[in-house]
Amino acid sequence: MRAEEELIRKRQRDRARIMALLLGAFVVLLFFITIAKTGMNW
Amino acid sequence: MPTVQMTNPAALPADWRDFLALTKPRVMSLVVFTGLCGLLIAPVMPPLVLGFTAILCIALGAGACGALNQWYEIDVDAKMRRTSKRPLPAGRMDPQAALHFGVGLGGFSVLLMGLAANWLAAVLLAASILFYVLIYTVWLKPRTAQNIVIGGAAGAFPPLIGWVAATGQVSTLPVLLFAIIFLWTPPHFWALSLFVRSDYANAGIPMLPVVAGAQATRRQIFLYSLPMAIAAVAPWYLGLAGAVYGLSAAILSLVFLVLAARVLANRANDPAEMGAEKHLFAYSVFYLFALFAVLVADRWLA
């Protein structure tokens, strides 16, 4: 039972990390989309 | 890491790699490539980040199709050796998680496409996802041997979407690219389904070799290869691509026809003796990659 709990926690941690990375990447992408859409050049 | 015996593995939070597997990354590579080519041959080049986002949306849309297809076909996949180890039939994931993932990914890809590129591209992306899931997976695939012929339209959308994402409108060249993939799909899939026929038969999927037999399928492969070859050289004939593309398309298509003729001449029913079919299947993947790559090279060299 303890090993199963450990596995659950590990998967939750892994998924949380991936989700954080994806959300971070999405924020960066949205920033650059906004820059491109508004036609700012710098 | 100790091996853990679970009473119900699907009750665990699924591993992120299983979510990735749901998107069928290998199928996605061809979709992304053809979509990218559609974008690169367009007369208008969008800003890099918008072009990247459009291709990302095509990839996510294809991933959504893969996830929803696997969610709907859990029972079928479990009966086929080729697909029985996928996350859902293997019991590594809760089906509802796959459904939510697929719907979420599809909706997200369409919204992002609309916001980053344009809404015509978003509508086409939504249409291709719905076509693949509802028309192909749910309606045609379990019912008719023509499933792959009509369903092939779903896989033909990416270059059209890539072009529309860049230009905001539909024109002749991307429609021809649509036609090439549409006509390429039946010979490609039927070559595969000939040497995995028993898998499809066991799963009750009415693929052409199961319903009409190997010889009828071989005739159909050759017959479909003819209009496909004509569609492949049409961009050059119509003046929409240069001589580099025209010559390359003619040679690539001629080799395709020779391999299709070898399939037509084969009489084997044992998959072990279907070398011609395996060659055609492998070449068909190379053919599509090469044809689109040459089209881009031709456009950029001109």
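Conventions and cut-offs
Starting afresh in each chain, residues are numbered from 1 along the sequence in its written order. All chains are assigned letters beginning with A, and all ligands numbers beginning with 1, in the order in which they are written. Totals for whole chains, interfaces and linings use every residue, but because this is a predicted model, local features are given only for residues with pLDDT of at least 70 and side-chain atom pairs only at 80 or more, for both listing and counting. Numbering goes from the N terminus for both helices and strands, where a helix is a DSSP run of H or I of at least four residues and a strand is a run of E of at least two. Here the expected length of a helix is defined as 1.5 Å per residue gap, with one fewer gap than residues. To sort residues by burial, count the other C-beta atoms lying within 10 Å of each one's C-beta; a count of 20 or more means buried, 12 or fewer means exposed, and anything in between means partly exposed. C-beta atoms are built from the backbone. Whether two residues are in contact depends on their C-beta atoms, placed from the backbone: they are in contact if these lie within 7 Å. Polarity classes work like this: nonpolar for Ala, Val, Leu, Ile, Met, Phe, Trp, Tyr, Cys and Pro, charged for Asp, Glu, Lys and Arg, and polar for all others, with Gly in that last group. Each domain's limits were defined by an automated method or a database of domain assignments. Orientation is described by lines fitted to C-alpha atoms, with helices fitted over the stretch in contact, and by angles between N-to-C directions that extend from 0 to 180 degrees. For classification, angles of less than 35 degrees are called roughly parallel, those exceeding 145 degrees roughly antiparallel, those between 65 and 115 degrees roughly perpendicular, and all remaining angles oblique. Take the far helix as the reference: if the near one is turned anticlockwise from it by less than a right angle, the crossing is left-handed, and if turned clockwise, right-handed. Confidence of the predictor at the level of single residues is given by pLDDT, which spans 0 to 100. Only buried Ala, Val, Leu, Ile, Met, Phe, Trp, Tyr and Cys residues enter a nonpolar core, and they are joined through C-beta atoms within 7 Å.

**Some details on the overall build of chain A**
When you go through chain A residue by residue, the secondary structure sums to one helix and zero strands. In terms of its C-alpha atoms, chain A occupies a principal-axis envelope of roughly 55 × 15 × 5 Å.

**So, helix H12 (residues 243-265) of chain B**
Every α-helical turn comprises 3.6 residues, leaving residues that sit three or four positions apart pointing alike. All names here are of chain B. Over its 23 residues, H12 runs 33 Å from end to end, which matches the ideal 33 Å to within 8%, given 1.5 Å per residue. Among the residues of H12, Tyr-245, Ser-248, Ala-249, Leu-252, Ser-253, Phe-256, Leu-259, Ala-260 and Val-263 are the ones counted as buried. On its buried face, H12 is in contact with helix H8 (172-195), helix H11 (214-237) and helix H13 (275-301).

**What to know about the interface of chain B and chain A**
Of the residues lining the interface, 12 residues belong to chain B; the matching set on chain A comes to 13 residues. With three residues, the single largest contributor to the side of chain B that touches chain A is helix H3 (residues 48-72) of chain B. Classifying every residue of the side of chain B that touches chain A by side-chain character gives 10 nonpolar, one polar and one charged.

**Some thoughts on the domain arrangement of chain B**
Residues and elements named next belong to chain B. Assigned domains within chain B: domain 1 (15-169) and domain 2 (171-302). On a C-alpha basis, the centroid separation for the pair domain 1 and domain 2 is 21 Å. Taken together, the 28 residues of domain 1 in the interface contact 28 residues of domain 2. The leading source of residues in the side of domain 1 that touches domain 2 is helix H7 (residues 147-167), at 10 residues. Tallied by class, residues from the side of domain 1 that touches domain 2 come to 17 nonpolar, six polar and five charged.

**A short note on the packing of helix H1 (residues 2-37) of chain A against H3(B)**
Running from N to C, H1(A) and H3(B) cross one another at 130°; their axes reach a closest spacing of 8 Å. If you check the angle between H1(A) and H3(B), you find them oblique. Relative to H3(B), the crossing made by H1(A) is left-handed. For the pair H1(A) and H3(B), contact is made by Leu29(A), Phe32(A), Ile33(A) and Ala36(A) and by Val49(B), Leu50(B) and Thr53(B), respectively. Taken together, the residues of the contact of H1(A) with H3(B) sort by class into six nonpolar, one polar and no charged.

**Observations regarding the confidence of the model for chain B**
Confidence in the prediction of chain B, expressed as mean pLDDT, is 92, and 96% of residues score 70 or more. Across residues 1-5 of chain B the pLDDT falls below 50, and counting only partners more than four positions away or on other chains, this stretch makes four contacts in the model.

**Remarks on the environment of Leu208(B)**
Residue and element names in this part refer to chain B. Within the fold, Leu-208 resides in helix H10 (residues 208-212). C-alpha separation for the pair Leu-208 and Met-45, spaced 163 residues apart in sequence, amounts to 42 Å. Not counting the four nearest positions on each side in its chain, Leu-208 is found in contact with Ala-145, Trp-190, Ser-193, Thr-217 and Gln-220.

**Regarding unusual backbone geometry**
The phi dihedral of Lys24(B) is positive, around 50°, even though this residue is not glycine. Lys24(B) gets classed as partly exposed once you count the C-beta atoms within 10 Å, which come to 18.

**Remarks on the nonpolar core**
Residue and element names in this part refer to chain B. Ala-54, Met-113, Ala-121, Leu-125 and Leu-291 are the most contacted members of the largest nonpolar core, which has 101 residues in total. In terms of domain composition, this core takes at least three residues from each of domain 1 (15-169) and domain 2 (171-302). Once residues within four sequence positions are removed from consideration, Leu-291 is found in contact with Ile-180, Ala-232, Ala-249 and Leu-252.

**Things to note about the environment of Arg13(A)**
Mapping Arg13(A) onto the fold places it in helix H1. Sequence separation between Arg13(A) and Thr38(A) is 25 residues; the distance between their C-alpha atoms is 38 Å.

**Focus on the packing of H11(B) against H12(B)**
All names here are of chain B. Between H11 and H12, the shortest axis-to-axis distance is 9 Å and the interhelical angle comes to 175°. Here H11 is positioned roughly antiparallel relative to H12, judged by the angle of their axes. Contacts from Arg-218, Arg-219, Ile-221, Phe-222, Ser-225, Ala-229, Ala-232, Val-233, Pro-235 and Trp-236 in H11 reach Tyr-245, Gly-246, Ala-249, Ala-250, Ser-253, Phe-256, Leu-257, Ala-260, Ala-261, Val-263 and Leu-264 in H12. Residues belonging to the contact of H11 with H12 are distributed by class as follows: 16 nonpolar, three polar and two charged.

**Here we look at the environment of Leu280(B)**
All names here are of chain B. Tracing the chain through its elements places Leu-280 in helix H13. Separated by 93 residues in the primary sequence, Leu-280 and Pro-187 place their C-alpha atoms 8.4 Å from one another. Not counting chain neighbours up to four residues away, the residues in contact with Leu-280 comprise Ala-191, Leu-259, Ala-260 and Val-263.

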